[in-house]
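# Results of the structural survey
These are the residues of each chain, in order.
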Amino acid sequence: MAETSYDADAEPQLRRTGEAESLQFVVCGQAGGRYWERVLARARSEKSLARFDRIALVLSGGAALGAYQAGAYAALENCGVRPNWIAGTAIGAINAGIIAGNLPHERSLRLRQFWQELGRRTALRAGGEFGYRARAWAGGWIGRWRPRPGSARETSVLPASELRELVGEVVDFDRVNAGTVRVVLGAVNLATGAETFFDNDRHVLGLDHLLASTPLPGLAPVMIDGQRYGGSAVSVSALDEARPADTLCFVIDGYDPVPGMQGGISRAAREIAAIRRHHDLRRMIALLGERLPSGLRGDVDIRKCLAEASNATMTILHLVHEANVAELAVKMADFSSAALMQRWHAGESDIGTSLAHPLWLAPPPRRLGVVVHEVRGGVAAPPR
């Protein structure tokens, strides 16, 4: 059963300190509206959370937009909601590694440490070679940029060696591989084009697995067991391989287009729809099985059908920070302290909206295996 305890006497609030562009947070007492919002969210949600056997966290890519995921996790931790199953890809793989690779009370601190230092290091490089690349990127030259004569071939906002050093400072891989939290990291095999998932239940995860899905654009592919990996996978699809269990899943996307005629193609929404069809079918088979006369249960074909039944349900809370493709490349490359802080706070706020909703954590109707709720850009979308 997922742990949902919390210490109400040590409730933190967050504010900026130091220089105007410093990504820092401090405890500043219990006064203020945000504290009471969290208290109300806990009061509404704690009893509802008790029915879930699995609390899952699915983290996608988006480079600098990954600060939104970090803020969302910090809000979950403040509410005493601790995931026991995490899937991540691209920058989400690094956030997943930081969460699983630290003690619960240290996770938010390590996430802040990583994002503050990442912002600081990219700022130091902004006036040099990276500044030239960023202008090309903002101009729509992603994938076509070539180094200037005499410059290094590194095209990421941070060299791979520095990123490895930074991740190594905030992730304890012994703890990741201890299995206390199930971790699934997705990447693309560049030889076959197939999406591959590295699972700490089957693999010993290390730095290469966290970097295999290209967390920052421009990083070179990673070699694992003689195979080259690079590019993000659809992490939410890993949920379909997990054993059936009553699940609360937070799918947190830095960017995901609005599906439909006026939007784009949402890979997350497509995979969620596939999971929904699968689990709804299993739930309906279970419901029909309960109403079958006992005399029919012995039939071989019927027994095979009933073997696919499941009473487990899944509540998916899909949180999206950016849905507009306009200037998306610029936003993904913006590691400034102000931008990272704004995304961190947006993630906190959207988790508060989700947990405070009076109906979103309620059990789904008897015939449904999956129910989906969405927050896009801070606004709760109509149920679907």
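Check the entry above for the structure.
Only a predicted model underlies this, so the values are computations on that prediction, with no experimental measurement involved.

## Some words on the side chain of N189
Mapped onto the elements, N189 comes out in the loop between β3 (182-188) and β4 (195-199). Side-chain polar atoms of N189 contact the backbone nitrogen of T192, separated by 3.3 Å. A distance of 3.2 Å separates polar atoms of two side chains, one belonging to N189 and the other to Q227.

## Focus: the sheet that holds strand β2 (residues 85-89)
Pairing is mixed across the open sheet formed by eight strands, whose spatial order is β4-β3-β2-β1-β7-β8-β9-β10. Each edge of the open sheet is held by one strand with a lone partner, namely β4 and β10 (379-380). As paired strands, strand β8 (residues 314-322) and strand β9 (residues 370-376) are joined by seven bridges and run parallel to one another. Within β9, the position partnered with M314 by the bridge is V370. Taken strand by strand, helix α2 (residues 66-78) contacts β1 (54-59), β7 (247-255) and β8, and its axis lies near 150° from that of β7. Running over the sheet, helix α12 (residues 337-356) touches β7, β8 and β9 and is turned about 150° from β8.

## Considering the pairing of β7
Consecutive side chains of a regular strand alternate in pointing toward one face of the sheet and then the other. For β7, a buried count of eight out of nine residues is recorded, marking the element as mostly surrounded by other parts of the structure. Alignment of β1 against β7, held across six bridges, turns out to be parallel. Within β7, the residue paired with A56 across the bridge is C249. Pairing of β7 with β8 involves eight bridges; the strand directions are parallel.

Scoring rules and cut-offs
- Residues numbered from 1 in each chain as written.
- Predicted model: local features only at pLDDT ≥ 70, side-chain atom pairs only at ≥ 80, totals over all residues.
- Heavy atoms only, no water.
- Helix = DSSP H or I, 4+ residues; strand = E, 2+ residues; numbered from the N terminus.
- Polar contact = N/O pair within 3.5 Å; in protein donor to acceptor, adjacent residues only side chain to side chain.
- Pairing = 2+ DSSP bridges.
- Contact = heavy atoms within 4.5 Å.
- Axes fitted to C-alpha atoms, helices over the stretch in contact; angles between N-to-C directions.
- Buried < 20%, exposed > 50% of the residue type's maximum accessible area, 1.4 Å probe, protein only.

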